[in-house]
Amino acid sequence: MTKLAGITLVVGTALAGAAFADGHADRTGWPESFTVGTASQGGTYFAYGAGWANLVAEELELSGGGEVTGGPMQNMALVHTGDAQFGMTTMGPAAESLAGTNPIAPGLQMTNACAMFPMYQTPFSVTALSSSGITSVADIPAGARIGFGPAGSTSDTYFPRMMEELGVEFDRRNGGWSDLGSQLQDGLLDVIAFAAGVPVPAVSQLEVQTEVNIIEFTQEEQAKIMAAFPVSQYDIAADSYTTLEAPARSVSMWNFAIANCDLPESFVKAAVDVVMSDNERMVNIHRAARSTLPENWDKNTVMMWHPGAAAWFTENAGAEIPADMTYGN
């Protein structure tokens, strides 16, 4: 298994978290530090993941941080093996990983990665420079150079298939979102197909530097994609980007934080409590966290729940999690 590589944002012991930490006195088996597997810089996963990692580290008086990874598929592998204590994934890659079809380790059923808490929905959206004249999916020319994000990411796993479903012929490119944004601006790409929580930092940065078109699906395109893939109907809110004047029609896939199933129940329960007990703090980290709400626990239809997370949602959100969906039962 490849070890995590990239940038770690570490937060040490902080006095500000002393009162909260005292409320979680039972620390039997807790690690002294932890890592949250995120994704590439310039994407929502990195901003959101580094943010909640730092928040948990501060409140629980631990060292911890977010780390750059290849995204949901790699995070499932890293959390399953314990190379990362926590991570973030989407329902599609989670299902594939559990089934043993994760391309990182074909045949390995990654059943030691457990659901931790609901994050937000990942919309699938298309962005091009306004100067390209591309204003719809149908406008994308044959052979267009499309950036699909990091290899193995949710976007790279599903968006090429979606484009093929819609009849688009393309030249597939991969890279981190920030790098792809620079390539689009420099004319090295024609389109970027984003699958990331909105606002995507790389798109917001592009809006500051140049004029872009955020391209929505037609109703027919949306229906065709929903029939073929594990996604649901979604509208990107108009206030997500300065470019948008009205909601943009899209499709989305739910994201969940994940934990290694063997972590102590009290540790995971305390970490979930930090994130889920004050949504305003999470929204201040990233606006996508407006959906990081206790009532969205039921959006996990794929993974076993970590016992600590299941206990938190049962006690605080009225969750009715079946025993056979909780790890270890």
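Structure report, in brief. Keep in mind it's a predicted model, so treat the numbers as computed, not measured. (Residues numbered from 1 in each chain as written. Predicted model: local features only at pLDDT ≥ 70, side-chain atom pairs only at ≥ 80, totals over all residues. Heavy atoms only, no water.)

## Focus on the environment of Ser 277
Put simply, the rule reads: Each helix corresponds to a stretch of at least 4 residues labelled H or I by DSSP, and each strand to a stretch of at least 2 residues labelled E; elements are numbered beginning at the N terminus. A 3.5 Å cut-off defines polar contacts: any pair of N or O atoms within that distance qualifies, except that in protein one atom must be a possible hydrogen donor and the other a possible acceptor, and neighbouring residues in sequence count only when both atoms are side-chain atoms.
Among the structural elements, Ser 277 can be located in the loop between α9 (265-276) and α10 (279-285). For the pair formed by Ser 277 and Pro 294, sequence separation is 17 residues and the distance between their alpha carbons is 8.6 Å. Side-chain polar atoms of Ser 277 contact the backbone oxygen of Asp 273, separated by 2.6 Å.

## Considerations on the packing of helix α2 (residues 44-59) against α9
Using the following cut-off: Helix axes are fitted to C-alpha atoms over the stretch in contact, other axes to C-alpha atoms as well, and angles between N-to-C directions run from 0 to 180 degrees. By definition, any crossing whose near helix is turned counterclockwise from its far helix by less than a right angle is left-handed, and any crossing with a clockwise turn is right-handed. Only heavy atoms enter the contact rule, under which two residues are in contact if any of them lie within 4.5 Å. Classification convention: Asp, Glu, Lys, Arg as charged; Ala, Val, Leu, Ile, Met, Phe, Trp, Tyr, Cys, Pro as nonpolar; all other residues, Gly among them, as polar.
Viewed as axis vectors pointing N to C, α2 and α9 meet at an angle of 115°, and their least axial separation amounts to 9 Å. For the crossing formed where α2 meets α9, the hand is right-handed. On α9, the residues touching Trp 52, Leu 55, Val 56 and Glu 59 of α2 are Ala 271, Val 274 and Val 275. Of the residues assigned to the contact of α2 with α9, the class counts are six nonpolar, no polar and one charged.

## Focus: the state of the cysteines
One covalent bond between the sulfur atoms of two cysteine residues makes up a disulfide. Note the cut-off: Defined by distance alone, a disulfide is two cysteine sulfur atoms within 2.5 Å.
Tallied over the full model, the rule gives one disulfide. Across the disulfide from Cys 114 sits Cys 261; the S-S distance is 2.1 Å. The chirality of the disulfide connecting Cys 114 with Cys 261 is right-handed, given an S-S dihedral of about 110°. Taken together, the residues Cys 114 in strand β4 (residues 113-129) and Cys 261 in the loop between β10 (248-260) and α9 connect sequence positions 147 residues apart.

## As for the pattern of salt bridges
To keep things clear, this is the line we draw: Note on definitions: salt bridges are taken to be side-chain nitrogens of Lys or Arg within 4 Å of carboxyl oxygens of Asp or Glu.
Enumeration over the complete set of coordinates arrives at nine salt bridges. Asp 278 is the salt-bridge partner of Arg 281, the closest N and O atoms lying 3.5 Å from each other. Here the salt bridges do not stand alone but share partners, grouping Glu 59, Asp 278 and Arg 281 into one network.

## So, the side chain of Gln 74
Within the secondary structure, Gln 74 is located in helix α3 (residues 72-81). For Gln 74, the contacting residues outside a window of four places in its chain are Thr 69 and Ile 104.

## Some thoughts on unusual backbone geometry
Geometrically, the link from Val 198 to Pro 199 is a cis peptide bond, its omega value of 0° lying close to zero. Its location among the elements puts Pro 199 in the loop between β7 (191-195) and α7 (201-209). Of note in this structure, Glu 61 is not a glycine but carries a positive phi near 55°. Along the chain, Glu 61 falls in the loop between α2 and β2 (63-67).

## Some words on the nonpolar core
Quick note on the threshold: Throughout this description, the term nonpolar core refers to a set of buried Ala, Val, Leu, Ile, Met, Phe, Trp, Tyr and Cys residues connected via side-chain atoms within 4.5 Å. We call a residue buried when its accessible area falls under 20% of the maximum for its residue type, exposed when it is over 50%, and partly exposed in between, using a 1.4 Å probe and counting protein chains only.
By size, the foremost hydrophobic cluster in this structure holds 83 residues, and its most contacted members are Trp 52, Phe 86, Met 116, Phe 117, Ile 140 and Phe 313. Looking at which element gives the most residues to this core, the answer is β4, with nine residues. By size, the runner-up hydrophobic cluster in this structure holds 20 residues, among which are Trp 177, Leu 184, Leu 189 and Ile 192.

## Focus: the pairing of β4
Stated precisely, the cut-off is as follows: Any two strands with at least two DSSP bridges between them are considered paired.
Burial runs high along β4: 17 of the 17 residues are buried. As paired strands, β4 and β10 are joined by nine bridges and run antiparallel to one another. Its bridge partner being in β10, Phe 117 is matched across the sheet by Ala 257. Here β4 pairs with β7 via four bridges, running antiparallel. Each residue of the ladder has a partner; that of Val 126, found in β7, is Ala 193. Two strands pair when backbone bridges link them, and β4 and strand β8 (residues 212-215) are joined in this way by four bridges, in the antiparallel orientation. Along β8, the bridge assignment pairs Ala 128 with Asn 213.

## A short note on empty space enclosed by the protein
Counted only if it meets this: The rule is simple: put a 1 Å grid over the protein atoms alone, call a set of points where a 1.4 Å probe fits but cannot get out a cavity, call an open set with protein on both sides within 12 Å along at least five of seven lines a pocket, and count a residue as lining if it has an atom within 4 Å of a point. Grid points are joined across faces, edges and corners, and a volume is the space filled by probe spheres set on the points.
A complete count under the given rule lists one cavity of 30 Å³ or more for this structure. In this structure, the largest cavity encloses a volume near 150 Å³. Contributing elements (two or more residues each) for the lining of the largest cavity: α2, β4 and α5 (154-165). For the lining of the largest cavity, the element with the highest residue contribution is α2, accounting for three residues. Looking at the lining of the largest cavity residue by residue, the classes come out as nine nonpolar, twelve polar and no charged.

## Notes on α7
The criterion, for reference: To obtain the arc, one takes the directions from the helix axis to the C-beta atoms.
Three or more residues of α7 are buried, namely Ala 202, Val 203, Leu 206 and Glu 207. Down the axis of α7, the buried set is contained in an arc of 145°. They therefore lie on one face.

## Re the pairing of β10
In regular strands, side chains alternate between the two faces of the sheet. Counting buried positions along β10 gives twelve out of 13 residues, so the element sits mostly inside the fold. Inspection of the sheet shows strand β3 (residues 86-90) paired to β10 by five bridges, in the antiparallel sense. The residue of β10 that forms the bridge with Phe 86 is Ala 259. Of the pairings in the sheet, the one linking strand β9 (residues 232-236) to β10 comprises five bridges and is antiparallel in character. In the sheet register, Ser 232 faces β10, and the bridge partner there is Ser 252.

Just distances and angles here, no functional claims.
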